[in-house]
Amino acid sequence: MTTDLHSLMAPYALNALDSWERETFEAHLEQCDDCRAELAGFVATAARLGEAAKQAPPAELRDRLLAAAATTPQERPVVTALAQRRGLRRTLPRLAMAAAFLVGTVGVGGYVAERNQADNYRADSQTITSVLAAADAKTSIKTFGGGGKVQLISSASKNSAVIVASDLPTLKNSKVYQVWLVKDDSPTSQGTFASSGAMIMKGLVGVDHVAITVEPKGGSRQPTTAPISTIAV
Amino acid sequence: MTRNKDRGKENPVAPTASQSAVTHLRLADSPEAGGPLDLGDLLLLVARGDEQAFAAIYDALGASVYGLARRVVRDPSRAEEISQEVFIQVWKSAARFDPARGNAKSWILTLAHRRAVDAVRHDQAATNRENKYDWSNGPDFDEVEETVTISLEHEQVRRCLDGLTELQREAVNLAYYKGFTYAEVAESLGANTATVKTRMRDGIVRLRDCMGVGA
Ligand SMILES: [Zn+2]
């Protein structure tokens, strides 16, 4: 499955992306003026669909909520809001950051998770954002039967790709997943990960596909097992 | 699904219970005396801990949030749970609302829709773990049919949905009201994913223009 990231705009507004693609699109949104310009109108349209389903709630819900509000602490005003948040958006890798419009949907717990994920990607933020923002960025997603996904976002114009693995089954005996860039049947190791991870791959010219194999801890010089997955570039 | 024919005619915004709260706020707290308080203004007050403003927001959007949750998850008590979570989230996170990014109603309904869809997907995943063999089954035909003919209270939305092509309408309906991902929509309609994404886009653009939503 290969997709043009702009085309995820409508499914995003309808909340018809899985969480994985949602994150990818939100990262794209940070970089794409066209999509951002259209977002509010799409979201407001979806909200109208929501209002159309209006139905009287049980009367006691109101009392319960007001009672809950009276005893529930509120988040303090976010001083980094607006200006600072905008600055942050330009400088931080945003692969897993919340969308511009939906920044408010991230609760305290979500904010921490988001920060941690952002830290993981910080070192390579420039490349990641340039790949995600590229007009010719393509994404391919592989879902594994045993759980987890691998996503490849590639841009020919940037001659780079980002591969992100999430929640693959944990392997026995400390084995790891190893990622290879395969050119003329000759694999070059791109790194290893245990269950989730992201890595950047540069130099796509002549590359046929990305392969993932299961290898002993620390990885191998050459693949020692048949790939569990290959993704065309 | 409960259908109440009378409800379409009721005042959509201000049940009587909220009137006094709004009036009070307008007199006491509105920065521009006499200016009407919209939901965005109310959210700013909620961010400062104003419980009356919170009640006014609930009175304005409680039925929309609950009805939407109910439409998506079906189960009334689950819908109530979701509504409660949404409004508590509004209470806690009002300070994060950024009026520059969209209106307050869209923000709250987006929160509600996400929670409802996450809930059906979570429940569905649990069911799938119990019945592995039918994980790939789409909804049965009757169910798909129902989402298309389902009665909508809001006349304008119904009319605008009627103006879509069948594929656009089904794509929007299955995604928004049933919480399907576009890949699941494609599966259940026997269309490819690229087509479904295009139909969703065309459908939303058409709905937006039909409803006169500012872009
Ligand atoms: Zn875009």
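Quick note: structure is the one above.
This is a predicted model, so every value here is computed, not measured.

Draft legend 1. The overall build of chain A, seen in detail. Within chain A, the secondary structure is distributed over seven helices and nine strands. Long-range pairs, those at least 24 residues apart, make up 56% of the contacts in chain A with a sequence separation of at least 6. As displayed, chain A has an accessible area near 10,400 Å², and 51% of this comes from carbon and sulfur atoms.

Draft legend 2. Geometry of the overall build of chain B. When you go through chain B residue by residue, the secondary structure sums to 10 helices and zero strands. Start at the N end of chain B and walk to the C end: the helices and strands fall as α-α-α-α-α-α-α-α-α-α. By residue count, 49% of the 215 residues in chain B fall in the buried class. Total accessible area computed for chain B in this model is approximately 10,200 Å², and 49% of it derives from carbon and sulfur atoms.

Draft legend 3. Representation of the packing of aromatic side chains within the structure. All names here are of chain B. For the structure shown, the criterion picks out five aromatic pairs over all chains. Plain terms: the ring middles of Tyr-176 and Tyr-177 are 5.4 Å apart, the flat faces sit at 85 degrees to each other, and that makes the pair edge-to-face. Like Tyr-176, the residue Tyr-177 is buried in the burial classification. One residue, Arg-71, lies across the ring of Tyr-177, its end atom 4.8 Å from the ring centre.

Draft legend 4. Up close: the interface of chain A and chain B. Listed as interface residues are 65 residues of chain A and, on the opposing side, 73 residues of chain B. On inspection of chain A and its partner chain B, the count reaches seven salt bridges. Residue Glu26(A) pairs with Arg114(B) through a salt bridge whose shortest N-O separation is 3.0 Å. For the pair chain A and chain B, the number of links is 25 residue pairs in polar contact (both at pLDDT 80 or more). Elements with a minimum of two residues in the side of chain A that touches chain B: helix H1 (9-13), helix H2 (19-31), helix H3 (33-51), helix H4 (60-71) and helix H5 (83-91) of chain A. Looking at the side of chain A that touches chain B element by element, the count peaks at 13 residues for H3(A). Class assignment for the residues of the side of chain A that touches chain B results in 38 nonpolar, 11 polar and 16 charged.

What counts and how
Residues numbered from 1 in each chain as written. Chains lettered and ligands numbered in written order. Predicted model: local features only at pLDDT ≥ 70, side-chain atom pairs only at ≥ 80, totals over all residues. Heavy atoms only, no water. Helix = DSSP H or I, 4+ residues; strand = E, 2+ residues; numbered from the N terminus. Contact = heavy atoms within 4.5 Å. Areas by Shrake-Rupley, 256 points an atom, 1.4 Å probe, with all protein chains shown as cover. Buried < 20%, exposed > 50% of the residue type's maximum accessible area, 1.4 Å probe, protein only. Phe/Tyr/Trp six-rings, centres within 6.5 Å; stacked < 30°, edge-to-face > 60°. Lys NZ or Arg CZ within 6 Å of the ring centre and 35° of its normal. Salt bridge = Lys/Arg side-chain N within 4 Å of Asp/Glu carboxyl O. Polar contact = N/O pair within 3.5 Å; in protein donor to acceptor, adjacent residues only side chain to side chain. Nonpolar A, V, L, I, M, F, W, Y, C, P; charged D, E, K, R; others polar.

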